[in-house]
Amino acid sequence: MASAPLPVYNSNSLDISSCKNVSRESLRMELLTDAPLLPGEERVIDKDIIYICPFSGAIKGRVLISNYRLFFRNVDADPAVTLEVPLGAISRVEKMGGASSRGENSYGLDITCKDMRNLRFALKQEGHSRRDIFDILFRYAFPLSHGLQLFAFLSQEKFPENGWNVYNPMQEFRRQGLPNDQWRVTFLNSTYELCDTYPSILVVPYTASDEDLRRVATFRSRSRISVLSWIHPENQAVITRCSQPLVGMGGKRNRDDERYLELIRATNRTTSKLTIFDARPNVNAVANKATGGGYEGEDAYQNAELVFLDIQNIHVMRESLKKLKDIVFPNVEESHWLSSLESTHWLEHIKLVLSGAIQVADRISSGSSVVVHCSDGWDRTAQLSSLAMLMLDGYYRTLRGFQVLLEKEWLSFGHKFASRIGHGDKNHADADRSPIFLQFVDCVWQMTKQFPTAFQFNEHFLVTLLDHLYSCRFGTFLFNCESMREASEVKKKTVSLWSFINSEPSSYSNPFFTVDLSHVLYPVASMRHLELWVSYYIRWNPRIRQQQSPMEQRYKELLALKEQYLKKLEELQLSDRAPQVFPRGPHLSNSASPSPSSPPPRVTRLQTPF
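Residues numbered from 1 in each chain as written. Predicted model: local features only at pLDDT ≥ 70, side-chain atom pairs only at ≥ 80, totals over all residues. Heavy atoms only, no water.

1. Some details on the packing of helix α10 (residues 380-392) against helix α11 (residues 399-412)
Logical step 1: In contact at an axis separation of 10 Å, α10 and α11 are set at 150° when each is read in the N-to-C sense. Judged on the interaxial angle alone, α11 and α10 are roughly antiparallel. Crossing hand, α10 versus α11: right-handed. Residue-level contacts link A382, Q383, S385, S386, M389 and L390 of α10 to F402, L405, K408, E409 and W410 of α11.
Logical step 2: Its residues assigned to classes, the contact of α10 with α11 shows 6 nonpolar, 3 polar and 2 charged. (Axes fitted to C-alpha atoms, helices over the stretch in contact; angles between N-to-C directions. Helix = DSSP H or I, 4+ residues; strand = E, 2+ residues; numbered from the N terminus. Parallel < 35°, antiparallel > 145°, perpendicular 65-115°, else oblique. Left-handed = near helix turned anticlockwise from the far one by under 90°. Contact = heavy atoms within 4.5 Å. Nonpolar A, V, L, I, M, F, W, Y, C, P; charged D, E, K, R; others polar.)

Now the structure itself:
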């Protein structure tokens with residue numbers, strides 16, 4: 001890994017020329033000029049400060065805090081150093097040192113971020129100089145803890161496309177060929193009375209009545225019954241998702257639930273068995289009986305096969321990411337890198353999630369219908385169902401299709417984004433925090449590395465997705481479920497992330513993409529083929545910077561050249577079709593019409609092949 005010069009420390013690449021020997025007031029004006037505010041963004045405070053850069057030491061500069069971001073720029077160093085952090089990406093703000101602290105730059109602020117970096121700023125110790133900036137930063141980084149609105153509700157950004165129209169559940173079900181003679185659409189949950197964390201529109205077996213669904217809901221955790229996510233267009237095998245059954249220590253049974261899963265099995269005439277994929281380790285599923293949960297016993301569900309996938313819970317994943325952050329930021333220890341990475345178990349978890357999704361996709365391809373669940377059906381279940389659908393259905397590998405996939409399997413089915421990310425909440429130690437969605441995106445990235453021509457979107461799209469998972473600039477990932485977004489009028493009061501993405505799709509497009517929507521992808525889920533996503537997890541380290549592939553850069557240049565030639569060709573064709581007007585000369589003034597014996601004018605048509 002080659003070293004690199006000190007970069008600009010922000011993800012949006014603001015080019016700022018260094019300026020020396022200028023007045024303090026002009027520096028302030030330059031800072032505000034270099035940090036353009038978004039519509040609806042307001043400056044709160046700017047202040048002289050020292051940024052303790054982990055790579056190049058103390059850097060004097062000025063910090064601007066708005067109601068959306070923290071922006072720092074150095075004032076006297078060359079090259080220019082800028083730092084930009086959306087306040088939503090801040091997990092914790094702490095005071096460093098005290099009024100009596102000794103040592104240079106020992107008094108200031110420590111900021112822990114959700115995007116794999118930490119920041120440290122130093123201030124003068126006289127006169128409680130950090131009090132105002134600490135109070136303001138703490139207030140605006142955690143607005144919900146202080147009775148304020150998230151920035152998404154204050155933003156006034158406008159885009160040519162309304163991203164809230166990307167996903168329409170009925171259109172997506174019709175694309176899959178639903179409803180049909182085996183599956184029907186029910187609006188039983190239109191007011192979220194059946195299950196408040198499920199979408200309002202559900203697809204269930206045709207022969208299951210609404211009353212059947214109500215009875216089944218009493219036996220599933222959080223009333224999350226098994227409903228259809230995806231149907232194979234040829235063999236009619238289906239992916240359905242739900243939560244764990246409420247078996248408990250007494251081994252309770254529910255005839256309605258057993259009959260309901262039998263109805264799901266019967267919709268697919270090509271198999272005699274229904275496969276139930278329980279994402280949890282077996283021991284965890286048994287332990288959940290003590291809290292009223294459990295799993296499907298084969299004596300009760302006789303036409304079903306139960307498979308445990310050994311994926312750990314949210315707490316294990318949270319600790320794994322903490323260990324990963326410790327070894328990638330601020331410094332990477334080269335001498336023990338492989339053993340340190342192995343000790344985090346991060347790639348091991350990625351492997352298990354990918355392996356589970358491959359098993360789901362394989363059963364579907366072979367004609368067997370599946371039920372996928374974990375404990376409550378909104379974390380590991382979302383990972384497995386969406387990754388399996390990504391492998392099976394090429395539509396979801398397009399830029400728009402992937403947006404539909406996220407809206408459907410993650411947002412509408414109630415992945416708890418607010419709880420897992422902690423939007424606007426100061427309680428950084430909340431046990432509900434967990435990098436479940438980050439893990440899913442990492443799995444997608446692993447697939448893009450193994451199948452570089454199969455995805456229409458590029459790595460920049462995935463990184464942008466994760467940046468705005470935390471930023472609170474858009475309303476897409478806010479709140480825990482569809483019903484809460486409806487109650488908060490998110491679609492009316494905020495802008496969708498897809499409005500932003502789809503306003504400039506070329507920035508997020510993979511130049512190597514080849515359209516093949518029917519091809520099923522089977523990634524290799526072994527430790528030998530999995531990589532650490534360096535350009536995300538270690539992107540803040542200037543000494544470990546991945547460069548763009550020369551082949552990819554050349555391909556982009558050729559695509560741009562192709563667009564130029566196509567445009568020129570279109571202009572030539574238009575001019576060729578345009579009627580030509582020939583001026584009349586004096587010698588033709590008395591001629592009413594050309595002579596019948598005169599040959600027609602010869603026109604040479606040029607065709608430009610490409």
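2. Things to note about the side chain of N288
Logical step 1: Considering the arrangement of structural elements, one finds N288 in the loop between α6 (282-287) and β13 (304-308).
Logical step 2: Using a relative accessible area of 19% as the deciding quantity, one classes N288 as buried.
Logical step 3: Side chain to side chain, N288 and Q244 meet in a polar contact 3.5 Å long.
Logical step 4: Filtering out sequence-adjacent residues up to four positions away, N288 remains in contact with Q244, R280, G293, G294 and S375. (Buried < 20%, exposed > 50% of the residue type's maximum accessible area, 1.4 Å probe, protein only. Polar contact = N/O pair within 3.5 Å; in protein donor to acceptor, adjacent residues only side chain to side chain.)

3. With respect to the nonpolar core
Logical step 1: Core analysis: the largest hydrophobic core is formed by 119 residues, its most contacted members being I239, L324, F402, F437, F461, L465 and Y537.
Logical step 2: Top contributing element to this core by residue count: helix α9 (residues 346-365), with 10 residues.
Logical step 3: Two domains each put at least three residues into this core: domain 1 (38-148) and domain 2 (163-444).
Logical step 4: Those residues within four positions of L465 in sequence are excluded, and the remaining contacts are F402, L406, F437, V441, F477, L497 and W498.
Logical step 5: I201, A208, L261 and A304 belong to the second-largest nonpolar core, a separate cluster that totals 39 residues. (Core = buried A, V, L, I, M, F, W, Y, C linked by side-chain atoms within 4.5 Å. Domains from an automatic or database assignment.)

4. Re the pairing of β13
Consecutive side chains along a regular strand alternate between the two faces of the sheet.
Logical step 1: For β13, the tally of buried residues reaches 4 of 5 residues, placing the bulk of the element in the interior.
Logical step 2: Note: strand β12 (residues 274-278) against β13, 5 bridges, orientation parallel. Of the residues in β13, the one forming a bridge with T275 is E305.
Logical step 3: Remark: the β12/α6/β13 crossover connection has right-handed handedness. (Pairing = 2+ DSSP bridges. Right-handed = clockwise from strand over helix to strand, strands pointing away.)

5. What to know about the packing of aromatic side chains
Logical step 1: One pass over the full model with this rule turns up 31 aromatic pairs.
Logical step 2: Taking 5.1 Å as the distance between ring centres and 45° as the angle between the ring planes, the aromatic pair formed by F417 and F477 counts as tilted. With F417 in helix α12 (residues 417-422) and F477 in the loop between α14 (459-471) and α15 (482-487), this pair connects stretches of sequence that are 60 residues apart. Per residue, the accessibility class of F417 equals that of F477, and both read buried.
Logical step 3: Plain terms: the ring middles of F437 and F440 are 5.8 Å apart, the flat faces sit at 40° to each other, and that makes the pair tilted. (Phe/Tyr/Trp six-rings, centres within 6.5 Å; stacked < 30°, edge-to-face > 60°.)

6. Digging into the side chain of Q383
Logical step 1: Relative to the assigned elements, Q383 resides in helix α10.
Logical step 2: With residues up to four places along the chain from it excluded, the contact list for Q383 reads V353, W410, I436, Q439 and F440.

It is worth stressing that arrangement in space is one thing and function is another; only the former is reported here.
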